[in-house]
Amino acid sequence: MARVKLSGAEIVVEELKDEGVEVAFGIPGGVLLDLYDILYEEKEIRHILMRHEQCAAHAADGYARVLGKTGVCIATSGPGATNLVTGLANANIDSSPVVALTGQVPTSAIGSDAFQEASTFTITMPITKHNFLVKRTEDLPKVIHNAFYIANSGRKGVVLIDLPKDVLAGVARVDLHPTWTFAGYKPNIKPNQVQTKKTAVVLANAERPLILAGGGVISADATEELRHLAEFLGAGVVTTLMGKGTIPEGHPFCLGMAGMHGHIYANRAINECDALLAVGIRFSDRTTGWQLDQFAPDATLIHVDIDAAEINKNLQVDIPIVGDVKLALSDIIKWLEKKKRTEGNSKSVWVQRIREMHSACEDCIKDVRSAGSSISDRLIKEISEILDDDAIVTTEVGQCQMFAAHYYMTKNPRTFISSGGLGTMGFGFPAAIGAKVAAPDKKVVDIAGDGSFLMTCQDLATCVENDIPVVVCIFDNRYLGMVRQWQELFFDKKYSHTGLGITPDFVKLAEAFGCYGERVEKPEELKDALNNAFESGKPAVIDMVVGKEDKVLPMIPPGGGIIGMIGTEKCKHV
Amino acid sequence: MQTRIISLLVEDHPGVLTRMSGMFTMRGINITSLTVSPCEKEGLSRMTVAIDGSESELEKVRKQLSNLIEVVKVVDLKDEEAIIRDLCLLKVHAKDSGARSEVMQLAESYGARIVDATLDSVTLELTEEPERISRFVELMKHFGVKQLFRSGVTAIGGGGGGGSEK
Ligand SMILES: Cc1ncc(C[n+]2csc(CCOP(=O)(O)OP(=O)(O)O)c2C)c(N)n1
Ligand SMILES: [Mg+2]
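Criteria and thresholds
- Residues numbered from 1 in each chain as written.
- Chains lettered and ligands numbered in written order.
- Predicted model: local features only at pLDDT ≥ 70, side-chain atom pairs only at ≥ 80, totals over all residues.
- Heavy atoms only, no water.
- Helix = DSSP H or I, 4+ residues; strand = E, 2+ residues; numbered from the N terminus.
- Rg over C-alpha atoms; globule rule 2.2 N^0.38 Å.
- Contact = heavy atoms within 4.5 Å.
- Areas by Shrake-Rupley, 256 points an atom, 1.4 Å probe, with all protein chains shown as cover.
- Domains from an automatic or database assignment.
- Buried area = accessible area lost by both parts, 1.4 Å probe.
- Salt bridge = Lys/Arg side-chain N within 4 Å of Asp/Glu carboxyl O.
- Donors = N, O, S within 2.8 Å, 3.2 Å for Na, K, Ca; no water.
- Buried < 20%, exposed > 50% of the residue type's maximum accessible area, 1.4 Å probe, protein only.
- Polar contact = N/O pair within 3.5 Å; in protein donor to acceptor, adjacent residues only side chain to side chain.
- Near = heavy atom within 4 Å.
- Pairing = 2+ DSSP bridges.
- Axes fitted to C-alpha atoms, helices over the stretch in contact; angles between N-to-C directions.
- Phe/Tyr/Trp six-rings, centres within 6.5 Å; stacked < 30°, edge-to-face > 60°.

### Things to note about the overall build of chain A
Then, in step 1: Helix and strand content of chain A: 23 helices and 20 strands.
Then, in step 2: In terms of C-alpha radius of gyration, chain A reaches 24 Å, essentially the compact-globule figure of 25 Å for 574 residues.
Then, in step 3: Principal-axis analysis of the C-alpha atoms places the extent of chain A at approximately 70 × 60 × 40 Å.
Then, in step 4: For chain A, contacts bridging at least 24 residues in sequence account for 77% of all contacts bridging at least 6.
Then, in step 5: When the accessible surface of chain A is totalled, it reaches about 21,000 Å², and 51% of it is carbon and sulfur.

Shown next as structure tokens:
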């Protein structure tokens, strides 16, 4: 492309368009005036003005998780950038591709404690995959191109670009759309053939093969391959929280989420399997529990991940495979098909047992549910039934999240969006905004806690002003419920600073913003309320009254293992 | 536990050193020394990281370093093959002529250079393998060390090769 003379702000916008950016979530400020001046006239990029930068980052994150396409957020220097931090850390730890643009004081003022100066570059270094502080206007094309390339390749993540005022205002002659990249960045890793072949042999010979699928499967768009492999092998599939949607929950081989608040039969299957293929996961303690001798003790452990640094980080494995999950699964399938399965029958006992566990344990823990969570689980089941398969559910953090993870039947990838690694209260609602912008034709519901929602609810204004009709369903227990649950179980019911009192009235709060609001006192009222909300065409808040002391069970107690979860005492099958 | 040395080629960008040391802190990795220097390639710098740790810890460091976008190459320098050097500057008390001549004699036997001297002190320079320097410093403590500076290790692969690339 020919050399052109442009201002920094113009270069930024041109490069964003070249990267295919259609939406940006942001809030302007003094040092960003030049950029916003260009955005004012820009037709190809829809800028959505948020009401808090944290929400801008979460919205970009939600958008990215729904589309697989890099989300973009913008914030001004100093407080704008520091407000982004939580959202960026959240996206990065969940490997969600986001590019953040931040304003910065002019290069000449950097280090002088100028007005609204904060060292965004150093602050965000540990919570991004990479970041840039641009010192010269002419560097912008290279930096922006690389930011998008890095964010959405290899193990995806957040890239931040810090843009000093004079770099945006300055003019330079540049070649747009460069192709240069870092010599040391080689993200496209082909899985080792010896390892995938070995895996195929182990899986084919296993009597009780199990697949543990994580967010990496969704990120690599490898859900088809995963399902094919499971069906071909007759392997059960369990998922992590991030892996919800890798296989339809309800598929006969799917045992749902495993781990701390997982299903007993999912955890049991991990304990009993003789070959465990862990794909796109990082063995977080929320998945493995803390008694690692209970975690697949008899199994040959195979770990597939794009990030070599995840191999043997939390758990020692027998067969490591570093590489693209989609390629790795395809290769394993290829080897298996070559081998022609002859020993298929040997797995029928295991498949039978998986099915049995699936349905039987459901009954065994009914008691647990009615003791601990009579209403909350019913509400999620209602939501699960009312919503169509391609609707998108986001969650806040706490009991609400774990009820959703446990009982919401996710059917498709990229339709269950939750803060996995960071556990950020306030994530679900702005993520829903991003999701709705990404998929305007889909229904988007945030399963919220009353505590979480108050952390980011000001962006109801964004929804109203920009016609983004998401529905927030609040589990109204007037508690920081998850913390309260721990206090109940492990701290003698001393509810230290977890009660939320009686304010606000969430219906009135919704109405104050011009949203639809309705209160639901009984689970059977939810269906009508949800339909009313969708029909209103407005952003909506449904205040669902739940048992104040509902508990989300079963659970692995702190320090415990995947066997012997609290609440599974009556299960006859474990 | 033994000292392991990793040699890196990194992009010569502002902030790379912060990024490295930040990564070590964040991952809970203790490093014994980290040095930076220009290298034969334009636009790149060489970093030498010394770590006390097991093979598995070393593996972790290697992988985390490779994940940094600005790291171009990670080379593991095996002790046996690598030529490892540390530079030490130390100022030793030498009040009387007896002490002074003893210090000078020992310095000579270790190959240390006398770079400065006053009536009551001698300043020595020694470039050597880290362990030999440590031994020399221990000896000098006998006379009283006023000040000690060590540069941290730098290393190069022995023979014609460049060390094993990871
Ligand atoms: C930003 C943030 N602060 C604190 C926490 C710790 N925390 C985890 S769950 C929880 C309670 C969440 O309460 P609520 O949103 O009402 O959900 P509930 O558990 O009641 O369903 C808290 C305080 C957190 N995860 N995130
Ligand atoms: Mg609550």
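### Considerations on the domain arrangement of chain A
Residue and element names in this part refer to chain A.
Then, in step 1: Partitioning chain A into domains gives domain 1 (3-175), domain 2 (193-358) and domain 3 (375-545).
Then, in step 2: Computed from C-alpha atoms alone, the centre-to-centre distance between domain 2 and domain 3 is 31 Å.
Then, in step 3: Contacts between the two partners involve 18 residues from domain 2, matched on the other side by 20 residues from domain 3.
Then, in step 4: Summed over both sides, the interface of domain 2 with domain 3 buries roughly 1,500 Å², with 61% coming from carbon and sulfur.
Then, in step 5: For domain 2, the biggest contributors to the area lost against domain 3 are L241, K244 and H261; these three give 38% of the whole.
Then, in step 6: Summed over the shared surface of domain 2 and domain 3, the result is one salt bridge.
Then, in step 7: A salt bridge links R414 to D221; the nearest nitrogen and oxygen atoms lie 3.2 Å apart.

### Re the coordination of the magnesium ion (ligand 2)
Residue and element names in this part refer to chain A.
Then, in step 1: In this structure, D450 (OD), N477 (OD1) and Y479 (O) serve as the protein donors to the magnesium ion (ligand 2), at separations of 2.0 to 2.1 Å.
Then, in step 2: Considered as a linear motif, the donors of the magnesium ion (ligand 2) on their single chain read D-x26-N-x1-Y. Of this pair, D450 sits in helix 19 (residues 450-456) while N477 is found in the loop between strand 18 (471-476) and helix 21 (481-490), placing the two residues 27 residues apart along the sequence. Of the two residues, D450 and N477, both sit in the buried class.

### Structural notes on the interface of chain A and chain B
Then, in step 1: Contacts between the two partners involve 18 residues from chain A, matched on the other side by 15 residues from chain B.
Then, in step 2: Between chain A and chain B, a total of about 1,400 Å² is buried, with carbon and sulfur atoms accounting for 61% of that surface.
Then, in step 3: Where chain A packs against chain B, one counts zero salt bridges.
Then, in step 4: Across the chain A-chain B interface, the total number found is four residue pairs in polar contact (both at pLDDT 80 or more).

### Quick word on the site of ligand 1
Residues and elements named next belong to chain A.
Then, in step 1: In the region of ligand 1, 17 residues are neighbours, and Q399, D450, G451, S452 and G481 sit closest.
Then, in step 2: Here an oxygen atom of ligand 1 and a backbone polar atom of Q399 are 2.7 Å apart.
Then, in step 3: Contact distances for ligand 1 include 2.9 Å between an oxygen atom and a side-chain N or O atom of N477.
Then, in step 4: Look at ligand 1: alone it shows 580 Å² of surface, and the protein chains cover 76% of it.
Then, in step 5: Mapped onto the shell around ligand 1, the elements with two or more residues apiece are helix 17 (399-407), helix 19 and helix 21.
Then, in step 6: For the shell around ligand 1, the element with the most residues is helix 19, which contributes four residues.

### Notes on the domain arrangement of chain B
Residue and element names in this part refer to chain B.
Then, in step 1: Splitting chain B by domain gives domain 1 (2-77) and domain 2 (83-154).
Then, in step 2: Each of domain 1 and domain 2 was reduced to a C-alpha centroid, and the two centroids are 29 Å apart.
Then, in step 3: At the interface, five residues of domain 1 touch five residues of domain 2.
Then, in step 4: Regarding the contact of domain 1 and domain 2, the summed buried area is about 390 Å², with carbon and sulfur atoms giving 65% of it.
Then, in step 5: When the buried surface of domain 1 facing domain 2 is broken down by residue, I5, T35 and T48 rank first, second and third, together holding 72% of it.
Then, in step 6: Across the domain 1-domain 2 interface, the total number found is zero salt bridges.
Then, in step 7: Taken together, the links from domain 1 to domain 2 amount to two residue pairs in polar contact (both at pLDDT 80 or more).
Then, in step 8: Mapped onto the side of domain 1 that touches domain 2, the elements with two or more residues apiece are strand 2 (31-38) and strand 3 (44-53).

### Some details on the sheet that holds strand 4 (residues 71-75) of chain A
Residue and element names in this part refer to chain A.
Then, in step 1: Taken in spatial order, the six strands line up as 3-2-4-5-7-6 in an open sheet, and their pairing is parallel. On the outer flanks of this sheet lie strand 3 (46-49) and strand 6 (130-133), each paired with one strand and no other. Neighbouring strand axes in the sheet, compared pairwise and without regard to direction, differ in orientation by 20° on average.
Then, in step 2: Of the pairings in the sheet, the one linking strand 2 (residues 23-26) to strand 3 comprises four bridges and is parallel in character. Paired with V23 across the two strands is R46, which belongs to strand 3.
Then, in step 3: Each of strand 2, strand 4 and strand 5 (98-104) touches helix 3 (residues 53-67); the most contacted strand, strand 4, lies at about 170° to it.

### Re the packing of aromatic side chains
Centre distance and the angle of the planes are the two values used to describe a pair of aromatic rings.
All names here are of chain A.
Then, in step 1: Tallying each qualifying case throughout the model produces 13 aromatic pairs over all chains.
Then, in step 2: Ring geometry for Y149 against Y185: centres 5.5 Å apart, planes inclined by 85°, an arrangement best described as edge-to-face. Of this pair, Y149 sits in helix 6 (residues 140-151) while Y185 sits in the loop between strand 8 (171-175) and helix 8 (193-205); the two residues are 36 residues apart in sequence, bridging distant segments of the chain.
Then, in step 3: For Y149, a relative accessible area of 27% puts it in the partly exposed group.

### As for the sheet that holds strand 11 (residues 254-257) of chain A
Residue and element names in this part refer to chain A.
Then, in step 1: In space, the six strands of this open sheet follow the order 11-10-9-12-13-14, with parallel pairing throughout. A single partner strand is all that each edge strand has here, and the edge strands are strand 11 and strand 14 (319-322). Averaged over all adjacent pairs, the angle separating strand axes in this sheet is 15°, with direction ignored.
Then, in step 2: The pairing of strand 13 (residues 300-305) with strand 14 spans four bridges and is classified as parallel. When the bridges of strand 14 are listed, D305 appears paired with V322.
Then, in step 3: Contacts from helix 10 (residues 223-233) reach strand 9 (209-213), strand 10 (236-239) and strand 12 (275-279) within the one sheet, and its direction differs from that of strand 9 by about 165°.
Then, in step 4: This element, helix 13 (residues 325-339), spans strand 12, strand 13 and strand 14 of the sheet and lies at about 150° to strand 12.

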